[in-house]
Every structure is written in C-alpha cells, then in structure tokens.
Amino acid sequence: MAYILSLLFPGLGHLLLRAYRRALFFSLLMLIHGGILALAVIKGRLGWVAVGKVPERYLPGYWLSTWILVGFFVLIWIWAIFDVYRLLHRKEERGQSYWQIVWRRFKKDAKGITGASIVLVMLYLALFSPFFAQGDPIKMNFTAIRQPPSLKYPFGTDHFGRNILDRVIYGARTALGIGAVATLLNMIFGGILGLIGGFYRGVADAIIMRFLEILNSIPFFLFALLAVSIFGSDPITLMIVLGIFGLQPARIIRSEVLSVREEDYITAARAIGVSTWRLIFRHVMPNAIASLLVTTTMSIGVNIIVIAGLSYLGLGIKPPTPDWGYMLHESQEFFRVAWWMAVFPGFFIALTVFGFNILGDSLRDVMDPRLK
Amino acid sequence: MFAYIIRRILQMFIVLFGLSVLVFIMLKLTPGDPAVIMAGLGATPETVQSIREKLGLDRPWHEQYWRLVSGLFNGELQAMTYHVPVWQIIFERLPATVELGLFALLIALIVSIPAGLLSAIFRNTLVDYGVTTIALMGISMPVFWTALILMIIFGVTFRVLPISGRGATIGAWSFLTLDGLRHLVIPSLALSSVLMAMNARLTRASMLEVLRQEYIKTARAKGLKESVVLLKHAFRNAMAPVLTNIGLQINTLFAGAVLTETTTAWPGMGRLMVEAINRRDMAVVLGLALFLAAVAQVLYLLVDLMYVWIDPRISYD
C-alpha cells in the first residue's frame with residue numbers, strides 16, 4: 001500500500017508509515033522542483049513548450065535544463081520508494097556507522113547547513129539557468145544601455161544593454177561547470193600521484209615530490225595564467241589546465257597513505273596476500289576519504305576564484321559567454337558611472353566561494369573522529 | 001645544521017632548474033613566432049629572419065634554453081619588447097610591489113592578530129563567530145573585486161582617495177609622500193583582505209592550541225591573573241607559528257598583487273607579469289618566474305631556520 005501511495009506522490013507512503021518528517025521532506029522536495037517546473041512552463045521554456053515558439057539557438061539550452069529536471073523528478077520518485085522499502089525492512093537497531101555519525105553532526109552544524117544551502121542554490125541556478133533568467137543573457141539591447149537597477153532590470157544592464165541579472169545567473173553555469181570538472185581532474189591526477197608516491201615511496205616518490213615542489217614554487221595562479229596564455233582559453237582547455245596544475249590533493253593523499261601503510265591491518269592484509277590495488281582501494285582509500293572530501297570542497301572554491309581571476313585579466317572565458325570574472329573585466333572601464341556592473345558579479349563569486357569554504361570548514365569539523 | 005642548509009640550497013637549485021625548464025617548454029609551445037610579433041606588421045621575411053637570428057630562435061632548443069638562462073644571469077638578456085635587460089626592468093618594478101606587499105602585510109597583521117586573539121579567548125561566543133565568519137568571507141572575496149568596491153566607495157562615491165596609479169614618489173618609494181600614501185591605501189587594503197583572513201584564522205588556531213597546554217593550566221592554578229596568563233604565557237608562544245608563517249604567504253601575496261596591481265594600475269611586478277604575458281615576452285616571463293621562485297625558496301629556508309631559533313627543541317640533523 002505504502003509503495004502505491006509513494007508511486008502516486010513521493011512522501012504519501014511515508015504518511016502511512018507515520019514517518020511524518022520524512023514525508024514532509026519529500027513533499028518539500030516535490031514542492032521545490034514543482035515550482036521550478038511551473039516557472040519553466042509559465043515562461044514557455046520547458047523543452048516541449050518552447051519548440052517552435054522560440055528561435056532555434058535557444059532550444060539546446062532549454063532541452064538540457066528540461067531533461068535535468070525530468071531526471072531529478074525520476075530520482076525523487078526512486079528515492080522515495082527506496083526509502084519506504086528501507087523503513088519497512090528496518091533491521092533491529094544496529095550500531096552506528098561512521099557516516100551516520102557524520103550526518104547527525106552535520107545536521108546540527110549551522111555553518112555546514114548554510115554552506116550547503118548556498119552551494120545548492122548556486123547549483124540550481126546553474127542547472128536551470130534558462131528557467132530562472134528573465135531573457136537571453138547575450139542579447140544586446142542598445143535602447144537600454146547601462147540602466148541602473150530597477151524593477152525591470154533588478155541588477156541593471158551593462159554597456160551593451162544586456163541584462164546583468166541574466167548574465168549572473170548564466171555565469172553560475174560557467175563558474176560551477178568549469179570549477180567542478182577542474183576539481184575532479186585535480187582529484188584524479190593528484191590522487192594517482194599521491195597514491196603512487198605514498199605507496200611505492202623511493203624513487204617514484206622523490207620524483208613526484210620534486211615535481212610538486214616545482215609547481216608550488218610560484219603561485220598556482222601564475223601557472224594557470226601562463227598556461228592559459230599559451231594553450232588558449234576555451235572552456236575545455238581551461239578545465240584541463242586547471243586540472244593538471246592544481247595538484248594539491250597529491251600531498252594530502254600521500255601523507256594519508258604514509259600514515260596508514262604502517263598500520264598493523266595493512267601488514268595483516270599483505271600477509272594474507274591481498275593484491276596492491278585491492279589494498280589501495282579497500283584499505284587505504286576509505287581512510288583518506290574524509291580529508292579528500294574536505295579538499296575537494298575547498299578546491300572547487302579555489303578553482304572558481306582562479307577562473308574568475310583569469311577571465312578578469314581577459315585571459316580566461318571569452319565573450320560573449322556570460323562569466324562573472326569577465327563581467328568584472330568589462331566593469332573596469334565603467335565603474336565610475338555604473339557601479340552595478342561591478343558589484344553584482346563579484347558578489348556572486350564571493351558568495352559561491354564562501355559557500356564552498358564554510359561547507360568545507362564544517363565538513364572538516366564533523367568528519368574529525370577526534371572531536372566527539 | 002650546516003649540512004642541512006647545504007642540502008636545502010642544493011634542493012633549491014633543483015627546483016629553480018626544473019621551473020626554468022618547465023616554463024621554457026611552455027613558452028616554446030606558444031603558438032605564434034615572437035620574431036614575427038617583434039618585426040611588426042608588414043615586415044619582410046628578411047627582417048623576420050634577421051630578428052630570429054639575432055634572438056637565436058633558429059638554434060636547437062637546448063642552445064636556446066642555455067642562451068636564455070645564462071643571459072639572465074650575466075645580464076645580457078634583453079627584454080624582447082622593452083629593449084632593456086630583463087633584470088633592469090624587474091628591478092625597476094620591484095619597489096612598487098615590495099611597498100604594496102609590506103603595507104598589505106602590515107595592515108593585515110594589525111587587524112588579524114588582535115582579531116584572532118579575541119576569537120580564541122572568547123571561543124564559541126558571538127565574538128568568535130563574528131571573527132571566523134568575517135575571516136572566511138575575506139578568503140572568499142576575489143581581491144580584484146575588493147579593490148573595485150573600495151575604488152567605487154572611496155574614489156567615486158565619496159571622492160576621498162585617488163583610484164589609480166602611484167602618485168608622487170621620492171626615489172622609488174611612494175609612501176614617503178602624502179600623495180603617494182593616499183594612492184597606497186586602496187591597493188594595500190584590497191590586497192590585505194586575504195592575508196588578514198588567513199592570519200586571523202592562524203592566530204586563532206595557534207592560540208587555541210597553546211591554551212590547551214599543561215603550562216597554561218599550571219599558570220592558572222598558581223593563581224596568576226587571567227590577563228597575565230593570556231598575554232604573557234599564551235600569546236607569546238602562540239605568536240611563533242603565526243610569525244613564521246608570514247614567510248610562507250609570499251606566493252599568496254604575489255598572486256594577489258598580480259590582480260590588485262592590474263585593477264588599480266599600480267606599476268609593480270604583478271602588472272609587469274600580465275603585460276609580458278600579453279606581449280609574449282618570454283624573457284621577462286621567465287625572469288620574473290625565476291626571480292619570484294628564488295625569493296620564495298629563500299624565504300622558506302629562512303622560515304625553517306627560524307623554527308630552530310625560536311624553538312630549540314627542533315633540530316634538522
């Protein structure tokens with residue numbers, strides 16, 4: 001019965017099982033996503049609604065957001081049904097796993113919740129920018145050049161009469177997209193180097209450490225600047241350049257591996273003939289995951305700031321793609337007469353990075369087993 | 001100890017050599033022939049060829065590398081587009097950046113140490129939350145945006161401070177004149193925001209660490225006044241890591257200077273770097289990168305040696 005109700009509407013099944021808080025949670029999820037759906041339909045930007053009514057070039061962007069939204073709805077449904085299953089088949093009270101403890105502590109941490117909310121809001125702005133935006137972020141309007149903030153243009157317009165609010169919303173896409181992929185690459189490259197260095201030590205470790213020292217000998221930002229000026233700065237190159245040069249995770253993984261590899265259980269695992277890869281993934285990685293998660297969160301923030309800095313110098317994202325850093329670059333010429341061109345994009349950079357920073361800070365606190 | 005210093009200096013040269021090779025390779029991968037750029041539009045192929053020969057761009061890579069690096073050291077290497085030796089142009093721009101950096105550091109320390117201290121003493125109170133939140137905001141704000149906002153507030157709205165350039169200077173220094181000092185305010189404030197935040201967090205962490213120590217308990221137990229315990233016993237010991245850490249912040253400082261100097265038209269090394277990159281002047285880029293890395297490496301070594309001096313329990317042998 002609960003399954004059928006959940007199939008009708010996520011959260012209904014929970015009511016039957018008297019899990020009222022979870023029911024509320026799922027209805028809230030539905031409400032938020034339903035709101036986004038309604039917004040998309042009203043503005044006529046949902047894929048099916050928009051076909052044939054707007055210029056061709058808008059459609060890919062609209063469809064992307066539409067499918068992501070559909071995907072989210074599917075996920076909510078599956079999650080709700082799975083959750084009902086879990087409630088019905090709950091075993092006797094078991095001990096608490098590490099992640100349950102972390103989650104309980106995280107829920108009570110105001111800092112972490114604030115950070116997570118900021119990050120989530122930015123993420124949604126990025127994923128569903130066509131639904132939230134007022135119009136087209138790159139359409140110029142020479143009848144409305146450098147309009148101060150007003151009801152029609154809440155954040156004003158720039159020197160080409162483009163709506164700054166829309167550019168800021170679409171800018172979230174650029175910043176988070178490139179920032180996230182670059183960080184993922186950091187983790188992969190850095191992780192591999194750190195594992196090799198920590199695990200095999202000796203010559204490999206020495207070479208890797210020297211290489212990291214060379215990279216660290218001048219600021220990361222300068223390397224990025226140099227690399228971007230050489231390899232160009234289309235978004236893909238930017239991701240790869242930032243991904244390759246930001247190898248900070250390597251140090252963290254390495255030190256984590258070094259501290260773990262002397263433990264008795266590693267010796268024991270070796271003694272029974274566990275293969276190296278299994279050793280790394282089953283025994284070493286789980287220990288490193290906490291510090292890795294913190295670094296990931298923080299490095300997304302760093303990467304966003306670096307991308308903004310590069311674009312600000314005119315060496316990053318190229319116009320007309322909306323990007324916070326490049327918007328500040330453009331505002332440089334006009335800040336005497338149009339303060340809104342400088343204030344809003346920068347505020348969004350600061351807010352996003354702040355979100356990632358406090359989230360990372362809070363994760364570090366809640367995941368530290370010594371702080372109970 | 002002596003052996004340790006020698007080893008560190010050797011390591012330093014390895015790092016600098018690696019860096020120079022890495023930067024050289026990256027510069028060589030740059031599309032676009034510097035000789036063509038230098039010759040300008042409408043140059044004949046003969047002119048381009050003669051420039052290429054003059055710069056040695058027709059030689060094999062390793063010869064070019066050697067030429068570049070040895071030229072840097074004996075001062076023969078000319079900045080391609082500035083027509084003066086590389087060292088000369090770097091040293092011309094050096095005082096401006098040093099001045100900006102030192103003032104930023106000064107402002108940062110004056111604000112951040114008391115802030116971090118208060119935050120640690122009043123742990124988990126409103127004061128602490130306030131300081132830590134503001135510090136996190138400081139880390140999150142891009143320096144160029146901070147500079148822009150300061151320029152808008154103080155330069156445009158209230159018109160109390162000049163918004164670009166260095167103003168009057170005496171010798172190479174602008175803080176000696178009132179006009180120069182006024183020009184210094186906005187860039188150094190903007191640049192200090194990041195350092196402020198970092199140092200406040202460091203001071204807080206270091207102070208909390210010290211306050212957990214046994215000797216603080218002892219000091220309190222023997223009935224010393226709380227102010228004496230905090231300032232004399234705790235604060236002095238907590239300062240050591242904070243002060244030594246300043247040396248490690250040089251890279252943050254320089255990365256910030258590149259952006260701040262661009263925003264506020266401050267004629268320092270940071271702006272030189274951006275200019276040189278835009279002009280594809282590889283001699284200047286390489287020179288700056290090596291110079292900066294060398295300064296940073298020396299500072300790191302000094303920091304390590306300072307640990308020994310501050311805390312005799314540490315030794316490197």
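Residues numbered from 1 in each chain as written. Chains lettered and ligands numbered in written order. Predicted model: local features only at pLDDT ≥ 70, side-chain atom pairs only at ≥ 80, totals over all residues.

### What about the overall build of chain A?
Here's step 1: The number of helices and strands found in chain A is 17 helices and 0 strands.
Here's step 2: For chain A, the C-alpha atoms occupy an extent of roughly 75 × 65 × 35 Å along the three principal directions.
Here's step 3: Residue burial in chain A is summarised as follows: out of 372 residues, 42% are buried.
Here's step 4: Within chain A, residue pairs in contact and separated by at least 24 positions form 68% of the contacts whose partners lie at least 6 positions apart. (Helix = DSSP H or I, 4+ residues; strand = E, 2+ residues; numbered from the N terminus. Buried ≥ 20, exposed ≤ 12 C-beta atoms within 10 Å, placed from the backbone. Contact = placed C-beta atoms within 7 Å.)

### Observations regarding the overall build of chain B
Here's step 1: The number of helices and strands found in chain B is 13 helices and 0 strands.
Here's step 2: Dimensions of chain B along its principal axes, counting C-alpha atoms only, are 85 × 60 × 35 Å.
Here's step 3: Here chain B holds 317 residues, and the buried ones make up 38% of them.
Here's step 4: Partitioning the intrachain contacts of chain B with sequence separation of at least 6 by distance along the chain shows that 67% fall at a separation of at least 24.

### Things to note about the environment of L5 of chain A
Residue and element names in this part refer to chain A.
Here's step 1: When you line up the elements, L5 lands in helix α1 (residues 2-8).
Here's step 2: Taking C-alpha positions, L5 is 9.3 Å from L15, a pair spaced 10 residues apart along the chain.
Here's step 3: Ignoring sequence-local partners within four residues, the contact set of L5 consists of L12, G13 and L16.

### Side note on the interface of chain A and chain B
Here's step 1: Listed per partner, the contact involves 33 residues of chain A and 37 residues of chain B.
Here's step 2: Every element with two or more residues in the side of chain A that touches chain B is listed here: α10 (202-216), α11 (220-231), α15 (276-312) and α17 (339-367) of chain A.
Here's step 3: For the side of chain A that touches chain B, the element with the highest residue contribution is α17 of chain A, accounting for 11 residues.
Here's step 4: Split into classes, the residues belonging to the side of chain A that touches chain B amount to 23 nonpolar, 6 polar and 4 charged. (Nonpolar A, V, L, I, M, F, W, Y, C, P; charged D, E, K, R; others polar.)

### What to know about the packing of helix α7 (residues 110-127) of chain A against α17 of chain A
Residue and element names in this part refer to chain A.
Here's step 1: At a minimum axis separation of 7 Å, α7 and α17 run at an interaxial angle of 140°. As judged from the angle between their axes, α7 and α17 are oblique. Where α7 crosses over α17, the handedness of that crossing is left-handed. Residues K111, G112, T114, G115, A116, I118, V119 and M122 of α7 lie in contact with α17, whose contacting residues are L351, T352, F354, G355, F356, I358, L359, D361, S362, L363 and V366.
Here's step 2: Across the contact of α7 with α17, the residue classes tally to 11 nonpolar, 6 polar and 2 charged. (Axes fitted to C-alpha atoms, helices over the stretch in contact; angles between N-to-C directions. Parallel < 35°, antiparallel > 145°, perpendicular 65-115°, else oblique. Left-handed = near helix turned anticlockwise from the far one by under 90°.)

### Section: unusual backbone geometry
Residue and element names in this part refer to chain B.
Here's step 1: Its identity is not glycine, yet N124 carries a phi of approximately 60°, on the positive side.
Here's step 2: Positive phi outside glycine occurs at A265, with the angle close to 55°.
Here's step 3: Mapped onto the elements, A265 comes out in the loop between α11 (250-264) and α12 (269-278).
Here's step 4: Given 13 C-beta atoms within 10 Å, A265 falls into the partly exposed group.

### Let's talk about helix α1 (residues 2-28) of chain B
Here's step 1: With 27 residues, α1 of chain B extends 39 Å from end C-alpha to end C-alpha; this agrees with the ideal 39 Å at 1.5 Å per step.
Here's step 2: When α1 of chain B is considered as a whole, its buried residues turn out to be V15, L19, S20, V23, F24 and L27 of chain B. (Expected span 1.5 Å × (residues − 1).)

### Examining the environment of A294 of chain B
Residue and element names in this part refer to chain B.
Here's step 1: By the element assignment, A294 lies in helix α13 (residues 282-310).
Here's step 2: On the basis of neighbour count, A294 is assigned to the partly exposed category, with 16 C-beta atoms found within 10 Å.
Here's step 3: For the pair A294 and M12, spaced 282 residues apart in sequence, the C-alpha separation works out to 7.8 Å.

### Focus: the nonpolar core
Here's step 1: Grouped together as the largest cluster of nonpolar side chains are 167 residues, with contacts concentrated most on L222 and A224 of chain A together with V285, L286, L288 and A289 of chain B.
Here's step 2: With 16 residues, α17 of chain A is the largest single contributor of residues to this core.
Here's step 3: Setting aside its immediate chain neighbours within four residues, L286 of chain B contacts S20, V23, F24, L27 and L68 of chain B. (Core = buried A, V, L, I, M, F, W, Y, C linked by C-beta atoms within 7 Å.)

### So, the packing of α17 of chain A against helix α6 (residues 126-140) of chain B
Here's step 1: Closest axis-to-axis distance for the α17 of chain A/α6 of chain B pair is 8 Å, and the angle between their directions is 125°. Judged by the inter-axis angle, α17 of chain A sits oblique to α6 of chain B. The two elements α17 of chain A and α6 of chain B meet at a crossing, and its hand is right-handed. Facing A350, V353, F354, N357, I358 and D361 of chain A of α17 of chain A, the residues of α6 of chain B in contact are L136, M137, I139 and S140 of chain B.
Here's step 2: For the contact of α17 of chain A with α6 of chain B, the class distribution of residues is 7 nonpolar, 2 polar and 1 charged.

### With respect to the environment of F72 of chain A
Here's step 1: Here F72 of chain A is to be found in helix α5 (residues 59-88).
Here's step 2: In the structure, F72 of chain A is positioned 42 residues away from M30 of chain A in sequence and 9.8 Å away in space, judged by C-alpha atoms.

### Considerations on the confidence of the model for chain B
Residue and element names in this part refer to chain B.
Here's step 1: Of the residues in chain B, 97% reach a pLDDT of 70 or more, and the chain-wide mean stands at 85.
Here's step 2: Confidence, expressed as mean pLDDT per element, reaches its minimum in chain B at helix α2 (residues 34-39) with 69 and its maximum at helix α5 (residues 86-121) with 91.
Here's step 3: At the level of chain-chain contacts, confidence expressed as ipTM amounts to 0.86, with global pTM at 0.89. (pLDDT = per-residue confidence, 0-100.)

### Remarks on helix α4 (residues 61-74) of chain B
Here's step 1: With 14 residues, α4 of chain B extends 20 Å between its outermost C-alpha atoms, agreeing within 8% with the 20 Å of an ideal straight helix rising 1.5 Å per residue.
Here's step 2: Looking one or two places after α4 of chain B, you find G75 of chain B, whose phi comes out positive at around 75°.

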